[in-house]
Amino acid sequence: MSNFSPSSVDAVRVYVKSDSEDLQYPVLFVVRQQKGVLSWQVPLIFRGLYQRTYNYQEVSRTLCPTEPAPDTGPLEQVIFVDVASMAPSPIKYELLVTRVKNFQLMTDKAFNFTASPSQPQYFLYKFPQDVDSVIIKVVSETIYPCSVVSVQDIVCPVYDLDHNVEFNGVYQSMTKQAAITIQKKDFTGEQFFVVFVIKPEDYACGGSVPSTIQDKGNHTWNLQRTKHLQVTIVPSIPESVYVQAMLFSFLSFLSFYMGALMVACMHYVRARRKMSAERYSPDDGSRTMAASRPITAGTPEGSSYGAIDESSSSGGRQMSSPEHGLRRGSDTDSSVEEESDFDTMPEIESDKNVIRTKMFLYLSDLSRKDRRIVSKKYKIYFWNIITIAVFYALPVVQLVITYQTVVNVTGNQDICYYNFLCAHPLGVLSAFNNVLSNMGHVLLGFLFLLIVLHRDILHRHTMEAKDACTLEYGIPKHFGLFYAMGIALMMEGVLSACYHVCPNYSNFQFDTSFMYMIAGLCMLKLYQARHPDINASAYSAYASFAVVICLAVLGVVFGKNNMWFWAIFSIIHVFASLALSTQIYYMGRFKIDFGIFRRAAMVLYTDCIQQCSRPMYMDRMVLLVAGNLVNWSFAIFGLVYRPRDFASYLLGIFICNLLLYLAFYIIMKLRSSEKLLPIPLFCIVATAIVWGAALYFFFQNLSSWEETPAESREKNRPCALLGFFDDHDIWHFLSAAALFFSFLVLLTLDDDLDTVRRDQIPVF
């Protein structure tokens, strides 16, 4: 029995040692206190993988402390230590009871100590009156041995051994650093224990069993696994910082709305001045070229859409009948008009194979279908992506709520891969800052929808105010894909926020699924500008995106060092690139069926072997050769190196193809003596600058679910902006702005062609 009369919160530590190695007759120690009983045996046995055991003959445990009551003052603490053994012969042991110095941790004061598997440590911390939350920062100079940091309520007994430390409180595994944010409201007594446990093996932290241990069989004695640790408890940010961060986020993206409003006002004033000037000036005959072809009174508006000059086609003028004109004049939603599998260009006028395989193609050759039908075809993109977004997002939200609930209930912070040095909780969310930073995608996506809607309304008014000849000018205005891009940007923000509720290996696809769709929609929009009649339908496009997402899931699950998967994927990648290149080169007139290989061999033989002729479409050939080289390089890289992050690898393929096509489009545009107006030029420069800055912060890896949670925490860094946002949050802000500027580039890139006839706009 030992007596202590503490005047403050002190703790008692019991140290025992025995020379006995007889596991059949261990020495049992039982410590009885006022509030509980603590017992253990010597040798103390820890169990690892594959039935491996680690036995320790020295054990040191801290007893549950007794805090003096304020009304009674210091009380005498009585401790009973019972020692027993069933061994047939006497066993020597050593017992030492000492008082723990510096048992209570202080705010902003570092404390150094050591711990081992058989000698865990824990300390007390009390919240100051003016502090509502704190961050417990633990660092070590060595990676191993693997350790666990746990925060437990003031309850006896304290769970401080490897097999029971996860029974209570919040805990993290650790190699070199760990950080846990604790809020005062979660502890009724406004105090808690910080427990430090050293694990007997390192597999939980990504380590392996040393060969010296493997040679000793299943029993290892007194393995030296001492770790030096330093703990510092610092106050977390106050509520005012939360308010500042939310205001900063909202006002930052509100400035984009103000900028868009200013540009709209400038355009409105300029348009009014232009209309006033035209109203009081005589007709200068500027529409002579537009009216050079007679438009009969019986010709409906839609039939003249995309009409080409007689010199650019092999057929005559489009014929119309009263029934045909009546059908086009009524803007109905019949299934016939929405059908995209048949071509509405009358075959009696000209053969599509002749029109689309000419050496020099102009926009009028590929914009011959009825405007209303084509417009409705592209609106399907918008309605389909809304349906996809709803069905995709609902189970995602349900799943991440379940993840967050599991984290909050179990206290296992190894489930989610946060940047724990900059994870600010709010409500049930463990890292509110990572969720808040995604609001930019939603706000800017909505702003882009408003801009597209504004352009759409202006275009409709223009079509109603002017005659049918106006339809022959500029790039055809179809806004369905733009609406789909705006919805995709908003959904990227929603799903990225869902992913960051609990980022881990299982739900990383939520963060990338709509990025695939954004990249694909941007490429389709670029292609649609000069090929409105032959662009992919919404059904085939979204079906292709579904296949891509399926491949992404398979890659995440089976792609880790699986040679067969990478071989199959590389073959699919190469053949898909060749098939798509063939479709683009021949403008969709090269059928993809079982006879494609025979026809391809015939073309190669006649054009490359029999007579080495120059490609008919040199510009298209240059683009497709460059594109195939890029895609084949990606396929070879994946087959050789087999990157662990397959989702990012697949996204890189999409982004590189998009950038290649955009660069080709701009180069060909300038080569064709077309202009870049100030607004698209500004958007291109802004896009390049913002993407460069965004990618810098993207590659500042703050966590990685490809590694163990403890290894991931080695990459954690403090906040970088306002004491609230980390580097990845800045990536969210900048990437949202970069995507917005990228969309504006596609929206305004061909504004200079609004006064140019379509039979003078080249196709590339």
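Note that the structure is a prediction, hence the values are computed from the model and not measured.

Cut-off values and rules
Residues numbered from 1 in each chain as written. Predicted model: local features only at pLDDT ≥ 70, side-chain atom pairs only at ≥ 80, totals over all residues. Heavy atoms only, no water. Core = buried A, V, L, I, M, F, W, Y, C linked by side-chain atoms within 4.5 Å. Buried < 20%, exposed > 50% of the residue type's maximum accessible area, 1.4 Å probe, protein only. Contact = heavy atoms within 4.5 Å. Helix = DSSP H or I, 4+ residues; strand = E, 2+ residues; numbered from the N terminus. Phe/Tyr/Trp six-rings, centres within 6.5 Å; stacked < 30°, edge-to-face > 60°. Pairing = 2+ DSSP bridges. Axes fitted to C-alpha atoms, helices over the stretch in contact; angles between N-to-C directions. Expected span 1.5 Å × (residues − 1). Disulfide = S-S within 2.5 Å. pLDDT = per-residue confidence, 0-100. Salt bridge = Lys/Arg side-chain N within 4 Å of Asp/Glu carboxyl O. Polar contact = N/O pair within 3.5 Å; in protein donor to acceptor, adjacent residues only side chain to side chain. Parallel < 35°, antiparallel > 145°, perpendicular 65-115°, else oblique. Left-handed = near helix turned anticlockwise from the far one by under 90°. Patch = residues over 30% accessible without salt bridge, like charges linked within 9 Å, V, L, I, M, F, W, Y side chains within 5 Å. Areas by Shrake-Rupley, 256 points an atom, 1.4 Å probe, with all protein chains shown as cover. Lys, Arg positive; Asp, Glu negative; His and termini not counted. Charge placed at Lys NZ, Arg CZ, Asp CG, Glu CD. Nonpolar A, V, L, I, M, F, W, Y, C, P; charged D, E, K, R; others polar.

Colleague: Sorry if this is basic, but what is going on with the nonpolar core here?
Modeller: One recurring pattern in soluble globular proteins is that nonpolar side chains are buried together. Grouped together as the largest cluster of nonpolar side chains are 112 residues, with contacts concentrated most on Tyr381 and Leu521. Not counting residues up to four positions away in its chain, the partners in contact with Leu521 are Tyr381, Ile385, Leu481, Ala484, Met485, Ala488, Tyr542 and Phe545. Residues Phe113, Leu124, Tyr125 and Phe193 belong to the second largest nonpolar core, which totals 36 residues.

Colleague: Which parts of the structure should I look at to understand unusual backbone geometry?
Modeller: It is generally the case that most residues other than glycine have a negative phi and that most peptide bonds are trans. That bond from Tyr144 to Pro145 is cis: its omega, 10°, falls within 30 degrees of zero. Relative to the elements of secondary structure, Pro145 occurs in the loop between β13 (133-139) and β14 (147-152). The residue after Cys156, namely Pro157, is reached through a cis peptide bond having omega 0°. For Pro157, the position within the fold is in the loop between β14 and β15 (170-174).

Colleague: Any chance you could explain the packing of aromatic side chains here in plain terms?
Modeller: What describes a pair of aromatic rings is the distance from one ring centre to the other and the angle between the planes of the rings. Throughout the structure, instances matching the rule amount to 59 aromatic pairs. Seen from their ring centres, Trp566 and Phe569 are 6.2 Å apart, and the 85° between their planes marks the pair as edge-to-face. Of this pair, Trp566 and Phe569 both sit in helix α12 (residues 563-585), separated by 3 residues, roughly a single helical turn. Each member of the pair Trp566 and Phe569 is classed as buried. By the ring-pair criterion, three or more aromatic residues cluster together here, those being Tyr242, Phe248, Phe253, Phe256, Phe432, Phe682, Phe724, Phe725, Phe733, Phe740 and Phe741.

Colleague: Sorry if this is basic, but what is going on with the sheet that holds β14 here?
Modeller: Strand pairing within a sheet occurs via backbone hydrogen bonds; the two strands may be parallel or antiparallel. Pairing is mixed in the open sheet, where 5 strands are placed in the order β10-β12-β17-β14-β15. Here the strands that pair on one side only, and so sit at the sheet edges, are β10 (104-105) and β15. Where β14 lies against β15, 5 bridges are found, and the strand directions are antiparallel. Directly across from Val149, in β15, lies its bridge partner Gln172.

Colleague: Would you take a moment to explain the sheet that holds strand β11 (residues 111-115) for this structure?
Modeller: If you trace the 4 strands from one edge of the open sheet to the other, you get β11-β19-β13-β16, paired in antiparallel fashion. Of all the strands in the sheet, just β11 and β16 (177-183) have a single pairing partner and so form its edges. This sheet shows a mean twist of 25° between the axes of neighbouring strands, independent of strand direction.

Colleague: Help me understand helix α10 (residues 509-530), please; the structure alone is not making it clear to me.
Modeller: Given 3.6 residues per helical turn, the α-helix brings residues three or four places apart onto the same face. End to end, α10 covers 33 Å across 22 residues, agreeing with the expected 32 Å (1.5 Å per residue, within 8%). For α10, the tally of buried residues reaches 21 of 22 residues, placing the bulk of the element in the interior.

Colleague: Teacher, can you tell me more about the environment of Leu28 here?
Modeller: Relative to the helices and strands, Leu28 is located in strand β3 (residues 27-32). Residues Leu28 and Leu44 lie 16 residues apart in sequence; the distance between their C-alpha atoms is 9.8 Å. Leave out the neighbours within four places in its chain, and Leu28 touches Trp40, Gln41, Asp82, Val83 and Ala84.

Colleague: Looking at this model, I keep getting lost on the state of the cysteines. Mind explaining?
Modeller: One covalent bond between the sulfur atoms of two cysteine residues makes up a disulfide. Under the criterion given, the structure shown has 4 disulfides. The disulfide that involves Cys416 links it to Cys502, with 1.9 Å between the sulfurs. Between Cys416 and Cys502, the S-S dihedral sits near -90°, and the bridge is therefore left-handed. Of this pair, Cys416 sits in the loop between α6 (371-410) and α7 (432-436) while Cys502 sits in the loop between α9 (480-501) and α10, and the two are 86 residues apart along the sequence. Considered together, Cys416 and Cys502 belong to a single accessibility category, that of buried residues. A disulfide bridge connects Cys422 with Cys719, and the sulfur atoms are separated by 1.9 Å. Negative torsions about the S-S bond denote left-handed disulfides, and the value of about 105° found for Cys422 with Cys719 makes this one right-handed.

Colleague: Got a minute to help me understand the confidence of the model for the chain in this structure?
Modeller: For the chain, per-residue confidence averages 82 on the pLDDT scale, and residues scoring 70 or more make up 81% of the total. Here residues 1-7 is a poorly scored stretch, pLDDT under 50, and it has 24 contacts once near neighbours within four places are set aside; other chains count. In this model residues 284-350 is a low-confidence stretch, pLDDT under 50, and it forms 102 contacts with partners more than four residues away in sequence or in other chains.

Colleague: Is there a simple way to think about helix α18 (residues 727-748) in this case?
Modeller: When the terminal C-alpha atoms of α18 are compared, their 31 Å separation across 22 residues agrees well with the 32 Å that a helix rising 1.5 Å per residue should span. The buried count for α18 comes to 20 of 22 residues, which makes it a mostly enclosed element.

Colleague: What should I look at first to understand the pattern of salt bridges in this one?
Modeller: As a working rule, side chains carrying opposite charge can pair if their charged atoms are close by. What the rule picks out here adds up to 19 salt bridges. A salt bridge links Asp186 to Lys185; the shortest N-O distance between them is 3.3 Å. Look at Asp186 and you get partly exposed, because its relative accessible area is 47%. Overall, the relative accessible area of 62% leaves Lys185 in the exposed class. Its salt-bridge partner being Arg757, residue Asp759 comes within 3.2 Å of it at the nearest N-O pair. The burial state of Asp759 is the same as that of Arg757; both residues are buried.

Colleague: I keep staring at the side chain of Gln57 and nothing clicks. Help me out?
Modeller: Examined against the element boundaries, Gln57 turns out to sit in the loop between β6 (53-56) and β7 (58-62). Of note is the side chain of Gln57, whose polar atom sits 3.0 Å from the backbone oxygen of Ser20. Setting aside anything within four residues of it in sequence, one finds Gln57 in contact with Val16, Lys17, Ser18, Asp19, Ser20, Glu21, Val42, Trp221 and Asn222.

Colleague: It is not clear to me how the packing of α9 against α10 should be interpreted in this structure. Could you clarify?
Modeller: When two helices pack together, their arrangement is captured by the angle between the axes and the distance separating the axes. The geometry of α9 relative to α10 is characterised by a closest axis approach of 8 Å and an angle of 165° between their N-to-C directions. When the interaxial angle is binned, α9 and α10 end up roughly antiparallel. Between α9 and α10 the crossing geometry is left-handed. In contact with Leu481, Phe482, Ala484, Met485, Ala488, Leu489, Met491, Glu492, Leu495, Ser496, Tyr499 and His500 of α9, α10 contributes Phe510, Asp511, Phe514, Met515, Ile518, Leu521, Cys522, Leu524, Lys525 and Gln528.

Colleague: Is there a simple way to explain the pairing of strand β2 (residues 11-18) in this structure?
Modeller: For a regular strand, the rule is simple: side chains alternate between the two faces of the sheet. Burial within β2 is extensive, with 7 of its 8 residues counted as buried. Judged from the 8 bridges that link them, β2 and strand β9 (residues 93-100) form a sheet pairing that is antiparallel. Bridge pairing in β9 places Ser18 opposite Tyr93.

Colleague: Can you walk me through a negative patch on the surface in this structure?
Modeller: Side chains of Asp130, Asp132, Glu190 and Glu239 sit close together on the surface and give a patch of like negative charge. One can find Glu239 in helix α2 (residues 239-279). Here Glu239 falls in the exposed class, since its relative accessible area comes to 66%.

Colleague: Would you explain the pairing of β14 in this entry?
Modeller: Of all 6 residues making up β14, 6 are buried, and the element is well covered by its neighbours. Because side chains alternate across β14, one face comprises the buried residues Ser147, Val149 and Val151, and the other comprises Val148, Ser150 and Gln152, equally buried. Relative to strand β17 (residues 191-198), β14 is paired through 6 bridges, and the arrangement is antiparallel. The residue of β17 that forms the bridge with Val151 is Val194.

Colleague: Sorry if this is basic, but what is going on with the packing of α10 against helix α15 (residues 646-671) here?
Modeller: It is the contact of α10 with α15, at a shortest axis distance of 10 Å, that shows an interaxial angle of 20°. One finds that α10 runs roughly parallel with respect to α15. At the point where α10 passes α15, the crossing takes the left-handed sense. Contacts from Thr512, Met515, Tyr516, Ala519, Gly520, Cys522, Met523, Leu526, Tyr527, Ala529 and Arg530 in α10 reach Ala647, Leu650, Leu651, Phe654, Asn657, Leu658, Tyr661, Leu662, Tyr665 and Lys669 in α15. The residue makeup of the contact of α10 with α15, split by class, is 16 nonpolar, 3 polar and 2 charged.

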